[in-house]
Amino acid sequence: MFESLIGLVAIIALFVIISRQQSRIGLIERELGALRSLVLSGVVPPVVRLSDQEAAEGKAHTSSVSAPAADIAPAAISDPAPAMVQAMEVEIPAGESVPGPWSAPEAAPETPEVVPAAVAQAARQSDVETALGTRWAVWVGGIALALGGLFLIRYTIEAGIFGPGVRLTMAAVLGLVLVAGGEFIRRTGFKVPVQGVAGAYIPAILTAAGAFILFGTVYAAHGVYGFIGPALAFTLLGAIGIATIAAALVHGQALAGIGLVGAMVTPVLIASQAPNPWALFGYLAIVLAATGVIARMRDWQALMAAAFFGTGIWTILYMTDAPGADLSAILFIDAVTLAVLALVWLSGRGGEAEAPESGFDWPSIVPGAFIAFSALGLSVDATFVAAGYALPGALVLVALVATAFFRPRAAPLLHAAGLVTVMIHLGIIPPTTIGSNFSQGNLGFDGLPVAAGNALTLPIGIGLGLVFLAAGLWAARRFAASVWIRAASWAAWGVIAPLVILLALWLTFGNLDRDFAYAAVAALLVVILAAGGEWIARAEEPPFKGGAAVSFALGGAAVAGLLMLHMAFDSGWTTTLLGAAAIVPALATRWRSYPVLGWISVAAVITVLGRVAFDPTIVGAGFLSTTPVFNWLLPGYGVPALAFGFAAWQLAHTTNGRPRLAMEAAAALFALLTLAMLVRHAMHGGVINSDAPTLAEQAIYTLIAIGAGGILIAIDRRTPSSVLRYGSMALGVASAAFVVIQHFLVLNPLFTDESTGRIPVFNLLFLAYLLPAVAAGGLALYSRGKRPKWYSAMLALVAALLAFAYATLSVRRLFKGEFIGLWSGLGQLETYTYSALWLVIGVALLTAGVWLKSQVLRIASAGLIAVAVLKVFLFDMSELEGVLRALSFIGLGAVLIGIGLFYQRLLTRAAKEKG
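To start, this report covers the structure provided alongside it. (Residues numbered from 1 in each chain as written. Predicted model: local features only at pLDDT ≥ 70, side-chain atom pairs only at ≥ 80, totals over all residues. Heavy atoms only, no water.)

Our next topic: the pattern of salt bridges. Taken as a whole and judged by the stated rule, the model has 8 salt bridges. Among the salt bridges present, the one from Arg-758 reaches Glu-818, with a minimum N-O distance of 3.9 Å. Highlighted residues: Arg-758 in the loop between α28 (749–752) and α29 (764–783) and Glu-818 in the loop between α30 (789–816) and α31 (828–852), separated in sequence by 60 residues. Linked through salt bridges whose partners overlap, the residues forming this network are Glu-534, Arg-538 and Arg-592. (Salt bridge = Lys/Arg side-chain N within 4 Å of Asp/Glu carboxyl O. Helix = DSSP H or I, 4+ residues; strand = E, 2+ residues; numbered from the N terminus.)

Here we take up the nonpolar core. Generally speaking, nonpolar side chains in soluble globular proteins are found buried as a group. If you look at the biggest cluster of nonpolar residues, it comprises 118 residues, and the most contacted ones within it are Leu-284, Met-304, Leu-397, Leu-400, Trp-490 and Met-567. Take this core: its biggest share by element is 13 residues, from helix α18 (residues 484–509). Sequence-distant contacts of Leu-397, defined by excluding residues within four places in its chain, comprise Ala-375, Ala-417, Val-420, Thr-421, Ile-424 and Leu-464. (Core = buried A, V, L, I, M, F, W, Y, C linked by side-chain atoms within 4.5 Å. Buried < 20%, exposed > 50% of the residue type's maximum accessible area, 1.4 Å probe, protein only. Contact = heavy atoms within 4.5 Å.)

Below, the discussion takes up helix α10 (residues 277–298). Its 22 residues give α10 an end-to-end C-alpha distance of 31 Å, which sits within 8% of 32 Å, the value for a rise of 1.5 Å per residue. Most of α10 is tucked away: 16 of the 22 residues are buried. Immediately beyond the C-terminal end of α10, within one or two residues, lies Asp-299, with a positive phi of roughly 60 degrees. (Expected span 1.5 Å × (residues − 1).)

One can find Thr-574 in helix α21 (residues 571–580). Under the relative-accessibility criterion, Thr-574 is labelled buried at 2%. Within the structure, the side chain of Thr-574 is placed 3.2 Å from the backbone oxygen of Leu-565, a separation counted as a polar contact. (Polar contact = N/O pair within 3.5 Å; in protein donor to acceptor, adjacent residues only side chain to side chain.)

In this section: the packing of helix α17 (residues 457–479) against α18. The geometry of a pair of packed helices is captured by two quantities: the angle between their axes and the separation between those axes. It is at 8 Å that the axes of α17 and α18 come closest, and there the two elements cross at 160 degrees. The angle between α17 and α18 places the two elements in the roughly antiparallel class. The crossing of α17 and α18 is left-handed. (Axes fitted to C-alpha atoms, helices over the stretch in contact; angles between N-to-C directions. Parallel < 35°, antiparallel > 145°, perpendicular 65-115°, else oblique. Left-handed = near helix turned anticlockwise from the far one by under 90°.)

This next bit is on helix α16 (residues 411–427). At 3.6 residues per turn, the α-helix brings residues three or four places apart onto the same side. In this model, α16 (17 residues) spans 25 Å end to end at C-alpha, consistent with the 24 Å of a helix rising 1.5 Å per residue. Judged by how many residues are buried, α16 sits mostly within the fold: 13 of 17 residues are covered.

All right, on to the packing of aromatic side chains then. Under the counting rule described, the total for this entry stands at 15 aromatic pairs. Between Phe-405 and Trp-490, the ring centres sit 5.9 Å apart and the planes meet at 90 degrees, which makes this aromatic pair edge-to-face. Taken together, the residues Phe-405 in helix α15 (residues 390–406) and Trp-490 in helix α18 connect sequence positions 85 residues apart. We classify Trp-490 as buried; its relative accessible area is 5%. Here a set of aromatic residues connected by ring pairs shows up, and it is made of Phe-405, Phe-406 and Trp-490. Geometry around Phe-405 places Arg-478 over its ring, the cationic atom sitting 5.6 Å from the centre. (Phe/Tyr/Trp six-rings, centres within 6.5 Å; stacked < 30°, edge-to-face > 60°. Lys NZ or Arg CZ within 6 Å of the ring centre and 35° of its normal.)

With that settled, the discussion passes to the environment of Ile-583. Mapped onto the elements, Ile-583 comes out in helix α22 (residues 583–588). For Ile-583, a relative accessible area of 22% translates into the label partly exposed. Along the backbone, Ile-583 and Leu-651 are 68 residues apart, and their C-alpha atoms lie at a distance of 9.8 Å. Residues contacting Ile-583, with those up to four places away along its chain left out, are Ala-643 and Phe-646.

Here is the structure:
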């Protein structure tokens, strides 16, 4: 394990080195590409002569190239030069004495210098040689020095050469020598030998190696051998941390990074048989604080994130040993992490004076994630919960929210706290699960089941809910006029967390049938969130804009109202009142034009649809009365239909828009559902969930659809709406589909042999064919000029086919009686009667088509007469005998001659009118 860790450290170091060199090589390639473009464009001559003076001095590797002023345009060359200088890493000129990498480079000469391709290629080769011979050697050498000190300590321990005190003394001396050597080299005027190797700053490397060894020495003196107590150890570690900070401020970010890596790896390299958590976390606290100070001074975000990551990893690793975990140590390191984040790293950044576009601080994602994860472990791990650690876990979540509240840039802490709070409370809901154990209804967390709830669950839930509610509304108002995304984030968690907590507590501790106490809490939450939304809206710019934060607050109030209805009422009343509640946000648009109000009404529609889809009987099949019409189906479907219609009317007069169209569609849908469900209930003796509908039931559905289409056309004429227009046509098409599929094919008594009834006229054929024919014909007439021509023609054709079917089936019923299935065969007189009937119907359709000026009816007449002709010549000729065959042909001839005479007179009259 020891060698693996050493290899890991070396790999990380080499990865950093290679990444830096790749970035440098990429920069050189881009510069060469730019120069090549200048040469090819003709701005720079392809052949350039070195000046005689520079050739005499032998400085070809740093020479400049001169060109005739007439051949080179200074303006064209000077343009890309600043971009190149800005893109390059700061380079220290050769031969200059510098105190460290923070020294500013000399200003570039004003005269532009052009490097030829050959010189650029030589420079690139020289840069690779520089990387191998100077920078890589220095970095690897520094790592070797640091690890060599640790190897020396390890060897003396294994060989027993020196005692613990001598070994620690030798290590401390080595560390001090390295630090002193680095400082000596810096103070004596260290010169970077080659241009471009500022990243291989030797004083910084030596200082980092020395600090690495000193950290490990002090920790071993306390945690391994017990030579010094906690107070002295913390003092020494703090002194080393301060010294590292001072050195990093002088030598650059590399020293801080090396020191941080060494500090985080030291507890692993120097292990202890009896580790002390306070020594570990005290040590980590000092390292984190020191890193936070230097990162804040130089604005090194990656360094700060790495320090938080290392501390968080150590915290989680310690918590995995749950039976021996010390709660105080966990809370201590969490508090230190938040303090460093809020008081050191974000100090001066998180106030209200910051620019709105400054966004959030991405390094705060790291501590937010790890601290929230530790709070989750304290709240759901079985060992921690049994030890009573759930309350401290909740306090950690409160600390996250408080830090995010006072440091607005630390918004990731809010999201982490909210997500963990939701996960915890979803886990206490039986049988809701989070994890892989869905089948058994247990929440899985690292393979351990989570207790559903205990005595602390209720007070913790109430406390967290109040914290999120108060902080969320307050912060949302605070940022409503400046940073809308922050306002929306706070409002979202100020709504989501209390609602999830309320739902979890009700399902865990409340009465699921009816619980007025929890319903009262939900009602109070409705008032608070609605008032909070209004309070936030007053702070918007401009006021009462109804932005995202207001939408979250009002949407949360709507969800709280839904919970209140479920908690206080049974299934029937909940569905009915929920449908009626869609009126409330629609009415609110009279005073406030918030966009979310209309969508809350639409959400009520979706919720009611979900309820009726889950239970079409509204109150359950066992509690639904068998009384026709006056049962729970009437208010369960009718009240929402009326409420949705009123909401659509109200929205049409206020905000309008898509919510109004959705409410219109919902009103039409629930009106149809009301009639359909009442019909089905009445025709099946109070049973809703029965088999496929009968022809009589289907006939009523068809009549309802046709009638609803006509109603929508009438309403659309008074209040034009695309929903009403297309909805009416959709109902007409649905009616035609019902007729073709159900009336003519699936439920036709010719095929099903269903009883048509004993009454001669008012029977099943009257209900299923004649009444729909009249209704479809009436709708076709009413829709003429109001809807497309194809729509009226389709309905007229459907009406003609239904009338034809009614007449034909009535003839068969006259001959066969109550049951008219095809299996009973055809008689000769019945066959002749069909021919005569079809001819009569054809003549009637022709007369109606001429009178109504309907081309569709005239075409239908021609088609029906053509069918009659084919029947006479193909069927009657072979099947009929005697006088019936003769009468069939005589009747057909008379009708055809009459039709011809009729058309001749019609055409003559038309010609006279034109003349």
